[in-house]
Amino acid sequence: VIDEFVSALDDPAITLSYPGLRNPAAMCVDLIMYDHPQVFALGLQLLFAECCQTTELFENLHKMEILTADQQETFQNIKDDVIALGKLLYSFENWGVDDKFSTDDPSKLMQLQKICLKLR
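Note that the structure is a prediction, hence the values are computed from the model and not measured.

### Some details on the packing of aromatic side chains
Counted according to the given criterion, the structure contains one aromatic pair. Ring plane angle 80 degrees and centroid distance 5.2 Å describe the contact between Phe-92 and Trp-95, whose orientation is recorded as edge-to-face. On the criterion of helical spacing, the pair formed by Phe-92 and Trp-95 is a turn pair, its members being three residues apart in helix H5 (residues 92-95).

Written out as structure tokens, the structure reads:
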């Protein structure tokens, strides 16, 4: 069993996209028609894998939304604000604490409040 596993790892991955091959599902159905049990099993597995990829693609396409230019700009602004907010939060010990290692920076606190209100 271990030898089969190692040999399976050594073999290159099979791609079903070859020039001139228009329908990988048809090739899999053709493999299923052979009497050999292993060829049948492999053909069925390949067919299932091919169909599942298509199903997954359609499920993802169903969930996708196309954004207008205004929506893209809004999402980019939100992304920029979240990144700036993250940087401020992760650096809070450098500007938000008044101790011997750092000083309190009210401008950073105002920037933090402004971003939070904007995202709200």
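### Topic: the packing of helix H4 (residues 69-90) against helix H6 (residues 106-119)
Following both chains from N to C, one finds H4 and H6 inclined at 145 degrees, their axes separated by 10 Å at the closest point. Here H4 and H6 pass one another in a crossing that is left-handed. Between H4 and H6, the residues in contact are Ile-78, Asp-81, Val-82, Ala-84, Leu-85, Leu-88 and Leu-89 and Lys-108, Gln-111, Leu-112, Ile-115, Cys-116, Lys-118 and Leu-119, respectively. Among the residues making up the contact of H4 with H6, the classes are represented as 10 nonpolar, one polar and three charged.

### A look at the confidence of the model for the protein
The predicted structure's coordinates, where accompanied by low pLDDT, should not be read in detail. In this model, the protein carries an average pLDDT of 80, and 82% of its residues clear a pLDDT of 70 or more. When the elements of the protein are averaged for pLDDT, helix H1 (residues 2-10) gives the smallest value, 62, and H4 the largest, 92.

### Regarding the pattern of salt bridges
As enumerated under the stated definition, the model contains one salt bridge in all. A salt bridge links Lys-118 to Asp-81; the nearest nitrogen and oxygen atoms lie 3.2 Å apart. Of the two residues, Lys-118 sits in helix H6 while Asp-81 sits in helix H4, which places them 37 residues apart along the sequence. The exposed category is assigned to Lys-118, whose relative accessible area is 57%.

Parameters and conventions
- Residues numbered from 1 in each chain as written.
- Predicted model: local features only at pLDDT ≥ 70, side-chain atom pairs only at ≥ 80, totals over all residues.
- Heavy atoms only, no water.
- Phe/Tyr/Trp six-rings, centres within 6.5 Å; stacked < 30°, edge-to-face > 60°.
- Helix = DSSP H or I, 4+ residues; strand = E, 2+ residues; numbered from the N terminus.
- Axes fitted to C-alpha atoms, helices over the stretch in contact; angles between N-to-C directions.
- Left-handed = near helix turned anticlockwise from the far one by under 90°.
- Contact = heavy atoms within 4.5 Å.
- Nonpolar A, V, L, I, M, F, W, Y, C, P; charged D, E, K, R; others polar.
- pLDDT = per-residue confidence, 0-100.
- Salt bridge = Lys/Arg side-chain N within 4 Å of Asp/Glu carboxyl O.
- Buried < 20%, exposed > 50% of the residue type's maximum accessible area, 1.4 Å probe, protein only.

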